[in-house]
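One-letter residues, chain by chain:
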Amino acid sequence: MKYKYYFFDFDYTLANSEKGIVVCFQKTVEKLNIPQKGEEEIKKTIGMPMMDAITHLTGIKNPAEQQLFLKTYKKFADELMTPNTVFFPDTIAALEKIKADGCTTAIISTKTRHRISEKFQLDGYSHLIDLIIGSEDTTAYKPNPEGINMALNLTHANKQQVIYVGDSIYDAGAAQNAGIDFAGVLTGTTTAQELAAFPSVQIIHCLSELL
């Protein structure tokens, strides 16, 4: 087996949290008296760095106003995000197979680590993930490779034995900038054509097709 380390994005790669993200955005803009955006437009920001998503959906660029938005959003997310997040149908089986083969698993995401951990704990699958690096662990977001590089250092992985699996151009760019292989999965809003603009070993429809 070529890969001994499987690194993953979370949203739209391992799980579908669009219902939670959409409702949290909608409640936040309502609370702050900001014009609403449609569900599809909100979904297209999933996987973006949060500040970029805020600016894209609201036009807010002032850091203090962004922080207010984020603080308000997190209050709704504490209540609504995890209950409205579901693993894709083949996620757990894929992770179980990877672990059964003796491989190391990690998640590098712009979502907060504690939110990802909460989902795995709630569903009883914490044993399938060896490392989680979330937004609170990094100072730069994908496509910056900081999160992936942190995972490489913590796992002492050889880059030739690592693959990063994600659904967005941010994931593809991060893998490219980190110098590791990438597999694109079409469970998000990014098209195969958009992912094909980046180096990849696979572009797949679901995790059961991984390698």
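For the structure itself, consult the block above.
Here's a quick rundown of the structure. All figures in this text were calculated on a predicted structure; none of them were measured in a lab.

Before going further, it helps to examine the packing of helix α1 (residues 18–31) against helix α4 (residues 63–80). Between α1 and α4, whose axes approach to 9 Å, the crossing angle comes to 135 degrees. Here α4 runs oblique to α1, going by the angle between their axes. In this structure, the crossing between α1 and α4 has a hand that is right-handed. Residues Gly 20, Ile 21, Val 23, Cys 24, Phe 25, Lys 27, Thr 28, Val 29 and Lys 31 of α1 lie in contact with α4, whose contacting residues are Phe 69, Thr 72, Tyr 73, Phe 76, Ala 77 and Leu 80. Of the residues belonging to the contact of α1 with α4, the class tally is ten nonpolar, three polar and two charged.

The next subject is the nonpolar core. Judged by nonpolar contacts, the single largest core of 25 residues is most densely connected at Tyr 6, Phe 8, Phe 10, Leu 14, Ile 107, Phe 120 and Leu 210. Elements represented by at least two residues in this core include exactly β1 (5–8), α5 (91–100), α6 (113–123), β6 (162–166) and β7 (181–185). Top contributing element to this core by residue count: α5, with four residues. Tyr 12, Phe 25, Phe 69 and Tyr 73 belong to the second-largest nonpolar core, a separate cluster that totals 21 residues.

Turning our attention to the pattern of salt bridges. Across all of its chains, the model carries eleven salt bridges by this definition. Linking Arg 113 and Asp 137 is a salt bridge whose minimum nitrogen-to-oxygen distance equals 2.8 Å. One end of the pair, Arg 113, is in helix α6; the other, Asp 137, is in the loop between β5 (131–133) and α7 (146–155), with 24 residues separating them in the sequence. The class for Arg 113 is partly exposed, based on a relative accessible area of 33%. By relative accessible area, which is 23% here, Asp 137 ends up partly exposed.

Following the sequence through the fold, Thr 82 ends up in the loop between α4 and β3 (86–87). Side chain to side chain, Thr 82 and Glu 118 meet in a polar contact 2.3 Å long. With near-sequence residues (within four places) excluded, Thr 82 lies in contact with Ala 77, Arg 115, Glu 118, Lys 119 and Leu 122.

All right, on to the pairing of β7 then. Of all the five residues making up β7, four are buried; the element is thus mostly covered by neighbouring parts of the structure. In the classification by handedness, the crossover that spans β6, the intervening helix α8 (residues 169–178) and the parallel β7 is right-handed. Pairing between β7 and strand β8 (residues 202–204): three bridges, direction parallel. Each bridged residue has a counterpart across the sheet, and for Gly 184 the counterpart in β8 is Ile 203.

Here Arg 115 is to be found in helix α6. The contacts of Arg 115, once residues within four sequence positions are left out, are Lys 74, Ala 77, Asp 78, Met 81 and Thr 82.

In this section: the sheet that holds strand β4 (residues 104–108). An order of β5-β4-β1-β6-β7-β8 is seen for the six strands of this open sheet, with the pairing classed as parallel. Edge positions in the open sheet fall to β5 and β8, since each of these has one partner strand only. Across the sheet, the mean angle from the axis of one strand to that of its neighbour is 20 degrees, orientation sign disregarded. Across the face of the sheet, α8 comes into contact with β6 and β7 while running at roughly 170 degrees to β7.

Turning our attention to α8. Among the residues of α8, those classed as buried are Asp 171, Ala 172, Gly 173, Ala 174, Ala 175 and Ala 178. Elements in contact with the buried residues of α8: α7, β6 and β7. The opening residue of α8, the one whose side-chain oxygen lies 3.2 Å from the backbone nitrogen of Tyr 170, is Ser 168. Of the residues one or two after α8, Gly 179 is the one with positive phi, at around 80 degrees.

What counts and what doesn't
- Residues numbered from 1 in each chain as written.
- Predicted model: local features only at pLDDT ≥ 70, side-chain atom pairs only at ≥ 80, totals over all residues.
- Heavy atoms only, no water.
- Axes fitted to C-alpha atoms, helices over the stretch in contact; angles between N-to-C directions.
- Helix = DSSP H or I, 4+ residues; strand = E, 2+ residues; numbered from the N terminus.
- Parallel < 35°, antiparallel > 145°, perpendicular 65-115°, else oblique.
- Left-handed = near helix turned anticlockwise from the far one by under 90°.
- Contact = heavy atoms within 4.5 Å.
- Nonpolar A, V, L, I, M, F, W, Y, C, P; charged D, E, K, R; others polar.
- Core = buried A, V, L, I, M, F, W, Y, C linked by side-chain atoms within 4.5 Å.
- Buried < 20%, exposed > 50% of the residue type's maximum accessible area, 1.4 Å probe, protein only.
- Salt bridge = Lys/Arg side-chain N within 4 Å of Asp/Glu carboxyl O.
- Polar contact = N/O pair within 3.5 Å; in protein donor to acceptor, adjacent residues only side chain to side chain.
- Right-handed = clockwise from strand over helix to strand, strands pointing away.
- Pairing = 2+ DSSP bridges.

Purely spatial values, then, with no claim about function.
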